[in-house]
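What the coordinates show
This is what each chain is made of:
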Amino acid sequence: QVQLVESGGGLVQPGGSLRLSCAASGHTLSLYVMGWFRQAPGKEREFVAAISYSGTTPGYADFVKGRFTISTDNTKNMLYLQMNSLKPEDTAVYYCAAAATRPRTAVRPSEYDYWGQGTQVTVSS
């Protein structure tokens, strides 16, 4: 089993920045890929970014390319999402997720085995 706990969400003005963190514990050596998803009210959960647990081959949704950066620190079992140039449409609950097997695409929620409880990000003036 793996436990994931997100932190770092909050209220930020448009154009601002936030850094989300996800602490992983348990059988982390079994993990293959970690990712960030988000879900806005009334919308489906959508892929934001993913990275291999070793910290290589990051991938991003088109709407965050150039603004968000995903990274890992395996020495601390941490996953991060640096979010810059935030827009009101980035408002959502952000979830950390982990896959224990190699996903085919890494963009579908069904490919992930473990989820955090989510952290709210609100972008508003």
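Quick summary incoming for the structure in this document. (Residues numbered from 1 in each chain as written. Predicted model: local features only at pLDDT ≥ 70, side-chain atom pairs only at ≥ 80, totals over all residues. Heavy atoms only, no water.)

Quick look at the state of the cysteines
Worth spelling out the cut-off: The rule for a disulfide is simple: a pair of cysteine sulfur atoms within 2.5 Å. Working definition: helices are DSSP H or I runs of at least four residues, strands are E runs of at least two. Numbering for both runs from the N terminus. Burial classification: accessible surface area is computed with a 1.4 Å probe over protein chains only, and a residue below 20% of its type maximum counts as buried, one above 50% as exposed, and the rest as partly exposed.
Using the criterion set out here, one finds one disulfide in the structure. Residue pairing for C22: its cysteine sulfur links by disulfide to C96, the two sulfurs lying 2.1 Å apart. On the sign convention where negative is left-handed, the bridge of C22 and C96, at about -70° about the S-S bond, is left-handed. In this pair, C22 sits in strand 3 (residues 18–26) while C96 sits in strand 9 (residues 92–99), placing the two residues 74 residues apart along the sequence. With a relative accessible area of 0%, C96 lands in the buried category.

Regarding the layout of surface pockets
Quick reminder of the rule: A pocket, in this scheme, is an open set of points on a 1 Å grid over the protein atoms alone with protein on both sides within 12 Å along at least 5 of 7 lines, while a cavity is a set where a 1.4 Å probe fits but cannot get out; residues line either one if an atom lies within 4 Å of a point. Grid points are joined across faces, edges and corners, and a volume is the space filled by probe spheres set on the points. Residues are grouped as follows: nonpolar covers Ala, Val, Leu, Ile, Met, Phe, Trp, Tyr, Cys and Pro; charged covers Asp, Glu, Lys and Arg; every other residue, Gly included, is treated as polar.
Estimates place the volume of the largest pocket at around 170 Å³. Lining the largest pocket are 15 residues; nearest its centre among them are V33, T57, P103, T105 and A106. It is strand 5 (residues 46–52) that contributes the most residues to the lining of the largest pocket, four residues altogether. Classifying every residue of the lining of the largest pocket gives nine nonpolar, four polar and two charged.

Things to note about the packing of aromatic side chains
Cut-off, in case you're wondering: Here a pair means two rings of Phe, Tyr or Trp (six-membered ring of Trp) with centres within 6.5 Å. Their orientation is stacked below 30 degrees between planes, edge-to-face above 60, and tilted elsewhere. Counted as over-ring charges are cases with an Arg CZ or a Lys NZ within 6 Å of the ring centre that also lie within 35 degrees of the ring normal.
Under the defined criterion, the tally for this structure stands at five aromatic pairs. Centroid distance Y95 to W115: 6.5 Å. Interplanar angle 80°. Geometry classified as edge-to-face. Taken together, the residues span a long stretch of sequence, with Y95 in strand 9 and W115 in strand 10 (residues 114–115) at a distance of 20 residues. Here Y95 falls in the buried class, since its relative accessible area comes to 13%. In textbook terms, an aromatic cluster arises when at least three aromatic residues are bridged by ring pairs, as seen for F37, F47, Y95, Y112 and W115. Between the NZ or CZ atom of R19 and the centre of the ring of Y80, over which it lies, the distance is 3.9 Å. Above the ring of Y95, the side-chain terminus of R45 is found at 3.7 Å from the ring centroid.

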